Amino acid sequence: MGDLQRELDLFSGALQQEPANRRSFIQRSHADEPDLAARLLRLLDAHERAEESERCTLGFTGITPPIDPTPERIGPYRILERIGEGGMGVVYAAEQTEPFRRRVAIKVIKLGMDSREVLARFEAERQALAMMDHPGVAKALDAGVTEQGRPYFVMELVKGLPLVEYCAKQRLPLRERLALFVQVCAAIQHAHQKGIIHRDLKPSNILVAIQEGRPAPKVIDFGVAKATASRLTERTVFTEQGRLIGTPEYMSPEQAEMSGLDVDTRTDVYSLGVILYELLTGVVPFDAKSLRERGYSDLLRTIREVDPPRPSSRITDMARTATAAPSGIDAQPRFVRGELDWIVMRAIAKDRTRRYPAASALAEDVERYLTNRPVLAGPPSAFYVVSKFVRRHRYASAMIGGVVLSVVLGVAGLTVGLLRAREAQTLATRRADNAQAAADFLERVLFQSDPEYAGRPLSLDEVMRIAAGSIDEQLGRFPEVEASVRESMGVAYRRRSMFAEAAPHLRRSLDLRRGLFGDESLQTAPSLVAMANLVFEYQGDIEQSLDLLGRARGVYAAHDARSLAVAWVDLDIGFSCLAGDRLAEAQSAFESSRELLALHRGPSHADVSRPIRGLALVALARGDFAEAERLARSAVALSSGQGSRYIGARAELVLAEVLIATGRFEAASGPLDKASDQFAQTVGAEHIRVAERDAVLAALHLALGETEAAETAAARCLDMRGRLLDEDHWAILEARLVHQRVLIRMGEIDGADAELRDMFDRAAGVLGPDHPLTLAAAAGVVEWAMAEGDGETAQTWADRRAALELRRAARLGTGRR
């Protein structure tokens, strides 16, 4: 059955050729299978005889052959024109007149194509589109059956050009082509999250239209899509074993196996890699004409086994042979060589385990290139050196490889970016030296971490200390590499709340990059951001944090004001402004971050919950509790996925704060429990976020009158912040205040007066006299005075607090500090 089905498929493919070319197509395509070619030629002879007989009969009787005429209407839609045709369906542009007017596209099964398999595929495509909701995917709008009984579905009408054609016609520069490609990856990532693999990605299935003055790619034609988690249709779809699904030029090696067994999301990653290859060079990896002229088995062998040239080599070869790239594609090997070569070749690796695991990972590496950060694809030479060592020391590598490799492997890629403008010989020499330095550094760290050398298994913290201790000796002569490694080490420490350990690495990285490139360089911007995050989280220095972030944002915005890098910086600016009670500035930054993250990640991505969480806190600080709850619940919903437990925990914590502020104490317990569980699964027990959880938990227990439990939580928060943060951090002051107010409720008021007045003075000096923390300290003095029975002091401080609240309200109303 499999051989027969294959012959029928091949014969069907031959019939798609022009009648005059069918015979030569069969002979050329199957020259290495003469028996198969002979059978196909016999089928062709029989088919042509039948066609001739039918034409004679129809001509004699005056009947015209059956065609698929353009209908005037389909359901409530008036047909305007035929705009496309595929193997099983015809696509029309149409106009809907009721209940409202709009232009749409309608896909209807072709006349005579209503076989069980075609109906099943048609229904599967319709269901796939209905499952998705992303600005980069054409939306399904309606479905039905024509008066003749043929199924149809209605979708968004995309008036645009195929991706590569659009880029060529508009003569888009390289960076703008890459930005469009990132948007395409976001759309495909959305499809994958919905359990749908496209399987036929190519430029003609990605149309670029102009929306709000900006190009917006739309992925179309899910006619051969495959579901990974559920069935798209209840109809039976015939087995695909032995059948070629997809377009050869963009087809992955596992599709060319024709078993259908190994096709997963990495199949679409491969096709995206081919599209990126074409965007960079103007041509596909394997010439379409020569690929199709080969025999069938040779075509499949090429897809499965032959590695194409790197994009930069292909451009060089075209220049050498005077082969011009398509008009509008500015193919320059110097712009592609290095990082873009690595990204493309990883995406189209024959071994799918070596490809990017997801479309989002491919997009992230392209974004790294666009923001001059080290790409994760990495240079093959460094990887080869490391992999040889890993095989020799597999026990240590199994435990620490994932962490240390991520720190170092990108260094050579960054070095190429930093030295791109230098002379070729200097570039080659320094590139080799830096790559070797990175490999030597990694090898030494892995060797010292090997249990056979150390005499026992080492913890992750011990491994990081070994790496930190090796930097000066091994990388002192390679400042670019040292800056990259120190930044990676510092960020890794900061994310583990090991701020004191992070500080020297991040300061040194910033100093090195400032010395090499200055403050206005894209190479320095990541270090500015990393240092800003450190001084904010570790020292509580809001002004210095905003100064560093402002410098970094200026650099990124000058390069591309709507880049993903700007989105992340705006998020950090928002939280720094929020801490300083600059609510208007915080809201503006969060809204900008939300817009850009939705643009690059997709509106339903978990990362979009981060600025929404910030906006919820802004609304809470303004006293708009209804809006705060709406935003907090939206953040929780967006971050509820299995892979975003840490983001979800922070959103649950904000929701708990909102519920406590509105007096729904019992309801706040659920989000707090979820946050506790998710923090335990992600950051562990010793982390600054756990201290934040304890602060909220203390407030809840205090509101419920559970003073002993409140004191325990408040003491834990104060102890952890005291150990992790700089002694002058305002967050320690906040924890002291919460703990002191709990003690007053418990009747322990001796000495509280002086303590609270000191907190008030410190908060006023650090954050301002009308900051919420300063107001809370004043409220604490009032609470102490009432517990002491000192009505005069209580009234004095209550009046003082009321005056400061009025001052704050006036400031927030005018936007001035």
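Our structure is the block above this text.
Because the structure is predicted, anything quoted here is derived from the model rather than measured.

Calculation rules
- Residues numbered from 1 in each chain as written.
- Predicted model: local features only at pLDDT ≥ 70, side-chain atom pairs only at ≥ 80, totals over all residues.
- Heavy atoms only, no water.
- Core = buried A, V, L, I, M, F, W, Y, C linked by side-chain atoms within 4.5 Å.
- Buried < 20%, exposed > 50% of the residue type's maximum accessible area, 1.4 Å probe, protein only.
- Helix = DSSP H or I, 4+ residues; strand = E, 2+ residues; numbered from the N terminus.
- Contact = heavy atoms within 4.5 Å.
- Pairing = 2+ DSSP bridges.
- Axes fitted to C-alpha atoms, helices over the stretch in contact; angles between N-to-C directions.
- Expected span 1.5 Å × (residues − 1).
- Arc of directions from axis to C-beta.
- Parallel < 35°, antiparallel > 145°, perpendicular 65-115°, else oblique.
- Left-handed = near helix turned anticlockwise from the far one by under 90°.
- Nonpolar A, V, L, I, M, F, W, Y, C, P; charged D, E, K, R; others polar.
- Phe/Tyr/Trp six-rings, centres within 6.5 Å; stacked < 30°, edge-to-face > 60°.
- Lys NZ or Arg CZ within 6 Å of the ring centre and 35° of its normal.
- Lys, Arg positive; Asp, Glu negative; His and termini not counted.
- Salt bridge = Lys/Arg side-chain N within 4 Å of Asp/Glu carboxyl O.

A. Focus on the nonpolar core. Residues L534 and Y556 are the most contacted members of the largest nonpolar core, which totals 121 residues. Top element by residues in this core is helix α25 (residues 564-579). It accounts for eleven residues. In this structure, Y556 is in contact with T371, L522, A525, P526, V529, A561, S563, A565, V566 and V569, ignoring residues within four places of it in sequence. Counting residues in hydrophobic clusters, the runner-up holds 52 residues, among them L172, C185, Y250 and I315.

B. Spotlight on the sheet that holds strand β7 (residues 161-162). The three strands are arranged β7-β9-β10 in an open sheet whose pairing can be described as antiparallel. Among the strands making up the open sheet, the edge pair consists of β7 and β10 (214-219). In this structure, β7 lies alongside strand β9 (residues 206-211), joined through two bridges in antiparallel fashion. Of the residues in β9, the one forming a bridge with L161 is V208. Relative to the sheet, helix α6 (residues 174-193) contacts β9 and β10, its axis offset from that of β10 by approximately 35°.

C. The sheet that holds strand β2 (residues 77-85), seen in detail. One open sheet holds the six strands; their spatial order is β1-β2-β3-β4-β6-β5, and the pairing between them is antiparallel. Looking at the sheet topology across the chains shown, the edges are occupied by β1 (73-74) and β5 (140-145). With five bridges connecting them, β5 and strand β6 (residues 151-156) associate as antiparallel partners. Paired with D142 across the strands is V154, a residue of β6.

D. Layout of helix α31 (residues 688-703). If you check α31, its first and last C-alpha atoms are 23 Å apart, about what 16 residues at 1.5 Å a residue would give, namely 22 Å. α31 sits mainly inside the fold: 13 of its 16 residues count as buried.

E. Fine view of the pairing of β2. By the bridge criterion, two bridges tie β1 to β2 in an arrangement that is antiparallel. In the sheet register, I74 faces β2, and the bridge partner there is Y77. Relative to strand β3 (residues 89-96), β2 is paired through seven bridges, and the arrangement is antiparallel. Looking at the pairing, E81 lines up with A93 of β3.

F. Spatial organisation of helix α32 (residues 707-724). Helix length check: α32 (18 residues) gives 26 Å between terminal C-alpha atoms against 26 Å at 1.5 Å per residue, within 8%. All buried positions along α32 are accounted for by A710, A713, A714, C717, M720, R721 and L724. Each buried residue of α32 sits inside an arc of 130° when the element is viewed along its axis, so together they form one side. Buried residues along α32 sit in contact with α22 (499-517), α23 (525-539), α31 and α33 (730-745).

G. Main features of the packing of helix α29 (residues 645-661) against helix α30 (residues 665-682). Interhelical geometry of α29 versus α30 gives an angle of 160° and a closest axis separation of 8 Å. For the element pair α29 / α30, the angle class is roughly antiparallel. Here α29 runs over α30; the crossing is left-handed. In contact with R645, Y646, G648, A649, R650, E652, L653, L655, A656, L659 and I660 of α29, α30 contributes F665, A667, A668, P671, L672, K674, A675, Q678, F679, Q681 and T682. Its residues assigned to classes, the contact of α29 with α30 comprises 14 nonpolar, four polar and four charged.

H. Quick peek at the packing of aromatic side chains. Enumeration over the complete set of coordinates arrives at four aromatic pairs. Measuring from centroid to centroid gives 4.9 Å for F575 and F590, while their planes differ by 70°, and the two rings are edge-to-face. Here F575 is found in helix α25, whereas its partner F590 is found in helix α26 (residues 583-601), with 15 residues between them in sequence. Stacked on the ring of Y356, the Lys or Arg R346 has its end atom at 4.3 Å from the ring centre. Taking NZ or CZ as reference, R800 lies 4.6 Å from the ring centre of W797, over its face.

I. Looking closely at the side chain of E652. Mapped onto the elements, E652 comes out in helix α29. One buried charged residue, E652, remains without a salt bridge, the closest side chain of opposite sign being K674 at 4.1 Å. Contact partners of E652, with chain neighbours within four places excluded, come to V636, P671, K674, A675 and Q678.

J. Spotlight on unusual backbone geometry. Even without being glycine, R171 reaches a positive phi, approximately 50°. Tracing the backbone through its elements, the reader meets R171 in the loop between α5 (163-169) and α6. Looking at R171, the relative accessible area reads 57%, which means it is exposed. Within the chain, R199 stands out as a residue other than glycine whose phi angle is a positive 75°. Looking at the element boundaries, R199 is found in the loop between β8 (196-197) and β9.

K. Just the packing of helix α27 (residues 609-622) against α29, in detail. It is the contact of α27 with α29, at a shortest axis distance of 10 Å, that shows an interaxial angle of 15°. As summarised for this structure, α27 and α29 are arranged roughly parallel, according to the angle between their axes. As for the relative orientation of α27 and α29, their crossing is left-handed in sense. Two secondary-structure elements touch here, α27 through S609, R610, R613, A616, L617 and L620 and α29 through I647, R650, A651, V654, E657, V658 and A661. Class assignment for the residues of the contact of α27 with α29 results in eight nonpolar, one polar and four charged.

L. Main features of the pattern of salt bridges. Enumeration according to the criterion identifies 42 salt bridges in this entry. In this structure, R78 engages E95 in a salt bridge whose closest nitrogen and oxygen atoms are separated by 2.6 Å. Highlighted residues: R78 in strand β2 and E95 in strand β3, separated in sequence by 17 residues. Relative accessible area serves as the criterion here: at 36%, R78 is assigned to the partly exposed category. In this structure, R664 and E629 form a salt bridge, with 2.3 Å as the shortest nitrogen-oxygen distance. Residue R664 is found in the loop between α29 and α30, and its partner E629 is found in helix α28 (residues 625-638); the two are separated by 35 residues along the sequence. With relative accessibility at 33%, the residue R664 sits in the partly exposed group. Judged by relative accessible area, which is 15%, E629 ranks as buried. Overlapping salt bridges bring together D581, D770, R807, R808 and R811 as one network.

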